[in-house]
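This is what each chain is made of:
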Amino acid sequence: MTQNGTIPPQPRIGADWYAVLHEAFAAPSFHELRSFLIEERRHHTVYPKGSQIFNAFDACPFRSVRLVILGQDPYHGPGQANGLAFSVPQGIATPPSLQNIFKELQRDLGQPVPQAGDLGHWARQGVLLLNATLTVRADQAGSHQGRGWEPFTDAVIQQLSSLRSGLVFLLWGRYAQEKGRLIDRDRHHILTAPHPSPLSAHRGFIGCGHFSKANALLQQQGGPPIDWNLP
């Protein structure tokens, strides 16, 4: 309930996620974020479009999450952002960071480099592809940081950490690794590496082996591995 006593409309997110995030949606920081986004869209192009902001949650329900890959913010070029961290829609050229992810997949697992960058196949297997900031102004990377998304995505990680067990978190780069403070390391597994950006991938992302290591951790708990091949 808001300060004036009204019940805010439920955001376009699955009921299971809303059940664990309703307090985050009701927080003053989220109401300020909504006001900011309304005004931002009046004057600028914002990615992704509104119906895709919560795609990561729609594709991977709360109880289905087995693995979390944390990105920073959406791609800021036309047609790139689709609500899944690091992913782009079919028909969009593969961005450099995703190219490096595919290179490490090939090196680690020996599988062919995918020809398309839609990662929905991963999400549907329980991979939450979560950005720390879920929107961005066109052509301005990081432009929506500090506007209210971070408390919300902190709440996502905290709820996963406290209500689930045995999850695998892949934290790539300093920005993602700072979120590691929210994860109970006695309940979950954390793998860290430099960001796959061309600026840092050569410092240890290429060679990290996270895809095979993550599958080994999932299988040790009796679960199936992630099929990292993309259709």
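Here the structure is a predicted model, which is why all the values come from computation and not from measurement.

Q: Let's hear about the environment of A155: which residues, and what values?
A: Here A155 shows up in helix 6 (residues 149–163). Classification of A155 by relative accessible area gives buried; the value is 14%. It is 12 Å that separates the C-alpha atoms of A155 and A19, two residues lying 136 residues apart in sequence. Sequence-distant contacts of A155, defined by excluding residues within four places in its chain, comprise L21 and A24.

Q: Before we move on, can you summarise the pattern of salt bridges with the specific residues and values?
A: Opposite charge on two side chains makes pairing possible when the charged atoms of those side chains draw close. Under the criterion given, the structure shown has six salt bridges. Ionic pairing is found between E104 and R107, a salt bridge with its closest N-O pair at 2.8 Å. With E104 and R107 both in helix 4 (residues 96–109), this residue pair falls three residues apart, about one helical turn. Of the residues examined, E104 reaches a relative accessible area of 0% and is grouped as buried. Given a relative accessible area of 45%, R107 falls into the partly exposed group. Note that E178 and R174 form a salt bridge whose closest N and O atoms lie 2.7 Å from each other. For R174, a relative accessible area of 59% puts it in the exposed group.

Here is what the cut-offs are and how they apply
Residues numbered from 1 in each chain as written. Predicted model: local features only at pLDDT ≥ 70, side-chain atom pairs only at ≥ 80, totals over all residues. Heavy atoms only, no water. Helix = DSSP H or I, 4+ residues; strand = E, 2+ residues; numbered from the N terminus. Buried < 20%, exposed > 50% of the residue type's maximum accessible area, 1.4 Å probe, protein only. Contact = heavy atoms within 4.5 Å. Salt bridge = Lys/Arg side-chain N within 4 Å of Asp/Glu carboxyl O.

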